[in-house]
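Secondary and tertiary structure notes
The primary structure of each chain is shown beneath.
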There are 2 protein chains.
Amino acid sequence: MSVKFAVLGHGVVGSGVVELFYKNKESIEKKAGTEMEVKYILDLREFPDSPYADKFTKDFNDILNDDEVTAVAECMGGLEPAFTFVKACLEKGKSVSTSNKELVAEKGDILLKIAKEKNCNFFFEASVGGAIPIIRPLHKCLAGNDITECAGILNGTTNFILTKMYNDNMPFDEALSLAQQLGYAEKDPTADIEGHDACRKICIISSLVFGKHVYPKSVYTKGISGIDLADVQIADNMGYSIKLIASVKKQENDKILPAVMPMLTPHADIISNVSDVFNAVVVNGDGFDKAMFYGRGAGKLPTASAVLGDVIDSVKHKVTVFSQSWESAEDDSFIDCIDNFKAKWYFRVPADAQVSAKEQTASDNGISFISESELTFAQAQAEAEKLGAMAVIPVLE
Amino acid sequence: MSVKFAVLGHGVVGSGVVELFYKNKESIEKKAGTEMEVKYILDLREFPDSPYADKFTKDFNDILNDDEVTAVAECMGGLEPAFTFVKACLEKGKSVSTSNKELVAEKGDILLKIAKEKNCNFFFEASVGGAIPIIRPLHKCLAGNDITECAGILNGTTNFILTKMYNDNMPFDEALSLAQQLGYAEKDPTADIEGHDACRKICIISSLVFGKHVYPKSVYTKGISGIDLADVQIADNMGYSIKLIASVKKQENDKILPAVMPMLTPHADIISNVSDVFNAVVVNGDGFDKAMFYGRGAGKLPTASAVLGDVIDSVKHKVTVFSQSWESAEDDSFIDCIDNFKAKWYFRVPADAQVSAKEQTASDNGISFISESELTFAQAQAEAEKLGAMAVIPVLE
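Heads up: these notes are all about the structure in this document. (Residues numbered from 1 in each chain as written. Chains lettered and ligands numbered in written order. Predicted model: local features only at pLDDT ≥ 70, side-chain atom pairs only at ≥ 80, totals over all residues. Heavy atoms only, no water.)

**Some words on the packing of aromatic side chains**
The final tally for this structure, using the stated rule, is 27 aromatic pairs over all chains. Measuring from centroid to centroid gives 4.8 Å for Tyr22 of chain A and Tyr52 of chain A, while their planes differ by 20°, and the two rings are stacked. In this pair, Tyr22 of chain A sits in helix 1 (residues 12-23) while Tyr52 of chain A sits in the loop between strand 2 (36-42) and strand 3 (56-57), placing the two residues 30 residues apart along the sequence. Ring geometry for Phe21 of chain B against Tyr22 of chain B: centres 4.9 Å apart, planes inclined by 75°, an arrangement best described as edge-to-face. Chaining the aromatic ring pairs together yields one cluster made of Phe5, Phe21, Tyr22 and Tyr52 of chain A. Between the NZ or CZ atom of Lys107 of chain A and the centre of the ring of Phe83 of chain A, over which it lies, the distance is 5.0 Å. The ring centre of Phe123 of chain A lies 4.9 Å from the NZ or CZ of Arg136 of chain A, which sits over that ring. (Phe/Tyr/Trp six-rings, centres within 6.5 Å; stacked < 30°, edge-to-face > 60°. Helix = DSSP H or I, 4+ residues; strand = E, 2+ residues; numbered from the N terminus. Lys NZ or Arg CZ within 6 Å of the ring centre and 35° of its normal.)

**Quick word on the pattern of salt bridges**
Taken as a whole and judged by the stated rule, the model has 47 salt bridges over all chains. When the shortest N-O distance is used, the salt bridge between Glu68 of chain A and Lys4 of chain A registers 3.8 Å. With Glu68 of chain A in the loop between helix 3 (60-64) and strand 4 (69-74) and Lys4 of chain A in strand 1 (residues 3-8), this residue pair connects regions lying 64 residues apart in the sequence. One salt bridge in this structure joins Lys39 of chain B and Glu68 of chain B, with 2.6 Å as the shortest N-O distance. Residue Lys39 of chain B is located in strand 2 (residues 36-42), and its partner Glu68 of chain B is located in the loop between helix 3 (60-64) and strand 4 (69-74); the two are separated by 29 residues in the primary sequence. Exposure remark for Lys39 of chain B: the relative accessible area of 26% places this residue in the partly exposed category. (Salt bridge = Lys/Arg side-chain N within 4 Å of Asp/Glu carboxyl O. Buried < 20%, exposed > 50% of the residue type's maximum accessible area, 1.4 Å probe, protein only.)

**Some words on the relation of the copies chain A and chain B**
Relating one copy of the chain to the other requires a rotation about an axis plus a shift along that axis. Least-squares fitting of chain A to chain B yields an RMSD of 0.0 Å, with the transformation described by 0.0 Å of translation along the axis and a rotation of 180°. Classification of the inter-copy transformation places it as that of a two-fold axis. Judged by C-alpha distance, Phe293 of chain A is the residue of chain A that lies nearest the rotation axis, at 2.4 Å. Same-surface contact between copies: 100% of interface residues of chain A are shared with the interface of chain B. (Least-squares fit on C-alpha atoms with pLDDT ≥ 70 in both. Contact = heavy atoms within 4.5 Å.)

**Focus: helix 11 (residues 229-237) of chain B**
Residue and element names in this part refer to chain B. Burial in helix 11 covers these residues: Leu229, Ala230, Asp231, Val232, Ile234 and Ala235. Backbone nitrogen of Ala230 and a side-chain oxygen of the N-cap are separated by 3.0 Å at the start of helix 11; the cap is Asp228. Looking one or two places after helix 11, you find Gly239, whose phi comes out positive at around 100°. (Polar contact = N/O pair within 3.5 Å; in protein donor to acceptor, adjacent residues only side chain to side chain.)

Structure, rendered in structure tokens:
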């Protein structure tokens, strides 16, 4: 008897899940150890010409009340009705695999708890880094380690824009327009360019690695809309690329500090070579030292690939609950204040500013230098104000 | 009650497993969902000053016949007695996690079959790419895809040597001596520099991805001892780095073609930026397109990290058999002949050779060029002979 699963949402990702599943059905069934079939596709729209037209339903209860459906792929996006639907599925013991980072970042703790109670799985590999395997590696392969830091390029749209600025000397606005033309950026690009999307992803990574739910509202988030082409060019001459980095670090005071900001990455560092829409996550820990995971962070089939991997895993091991879990956080007292964020900093200041740094780069756009020692976020902002800085950007170690 | 496990071998990796386990015991037990303890360490040598002196035994039967021991980490290396010991453990239903690439490359099919029959796990994340999570990602996260190609830098010693040649214009012999001084290369460096180590690892990846056991003897393997510093420098000027690449590709005739050889990798390609002792594996498939996994491919704690991740997984899910399995191969008719390997090729030929390529680089060392179209291995060798080539090296796409 074949295992039946349902796909919630027939947008970009949901249609990709169905497409990839039927393309590779034979090998997928071999890996899952059982025959599999998509029984329902939930969408309010009509798809009369779809080869799967007979599978569509507009009524979520068809799926919820069908005991034959033991696994569900949630690809609707947004908080509602995704949260209500996923919660209901888990409460019925149906395993859910989701690509919805907003859902996991805001409600992951609640959903993981229900899954545990109901002896089913809530998987979310697709919610961070699209196709990149990162959740399982962090949770399983690196389980023997004390993970101290994660830093990644977790948003493809901003990485594309920064790559265009870097490679082609294209100003920000022009690069954003091109990203929109190519379908890499939405008409309203706020969530991407202001860092909210990357923020949700670092919340999920932080929660998973450090065991307590980190909410987006607790994370300092700065996007790339303020990045001047001049700084991209000057940083390049100094041996750095500017990337939007989402990071989390275990602090000396035992708190954790998640943050999203543009940072300078040294050319010699492999993350500096992650270009275009590609994503990457660098992880540091005591045993393995440093590892990096790289791939496509978005797109129809890449994201579908991650959702399908989860669905296959939940079908194969339906009696096993994988404890990739974390606790709810009563407050955010375990999260350190951004003022304590420490790094060396890049400054660009007016040509007549009083600069003490030994190495300075002068250009038509002022004087640029990197602080000789680490400064806290608070110190860097104070210094920037004192010098009348046009740019102040931290450097990734 | 705590779960007891044993560590076979107290060399570099085995001692690392014990060290990392006790360092992170608390968080490991939380992840495993149970208390854990090392009950035995098997080694024929004496370690009277070890903090774990009471755990040592010289008699494998102490471990085999102790029903309390449900998981075993094999870190002895070599085929025997590792194979006999691992087989005996699996036959008793004890899950085994190994870092032993020779064992998995030569006997993986047999051991996986026994594990399946005895309802226990045979894990080998540490056998490929050291600390890099690659086995689980390939097997689980990317399970929805048709994987078409894997190519990696799977040997840290040779990558260190090539990096020294590239960065510091150091001739091969000098770079090898330095690697030996630093402990990156063995006194007898044959297994590393002639590609046998990388060969075992690509055998494991090929078996896992394509489902049939690939034996090292079926894989064309060429090391880096013939690489001339001149070619490293000329290739750099042409926009490439020379790397020892272990690869496997699904061919048009539905066979697979695994191979180990030095190859030119374009600077713009992220794998070209993998330096020093670091390893990386690039994977291509239909859904996710391209992913890369990067990290430390060897060393005490990095390899221990991977072994421990496996041990934790086998302790946590002791009733679940993970089917990261493959079949024995009756013959190697599913492996394509190296003569059919296709690529563009780099040639260096005498200054007076008749070269038709449009782009040529002349130097004191002759004329270098890259073939304008793809040539098979057989065609490239014939061309090299005709031109009296001093170097003929394929280019990684």
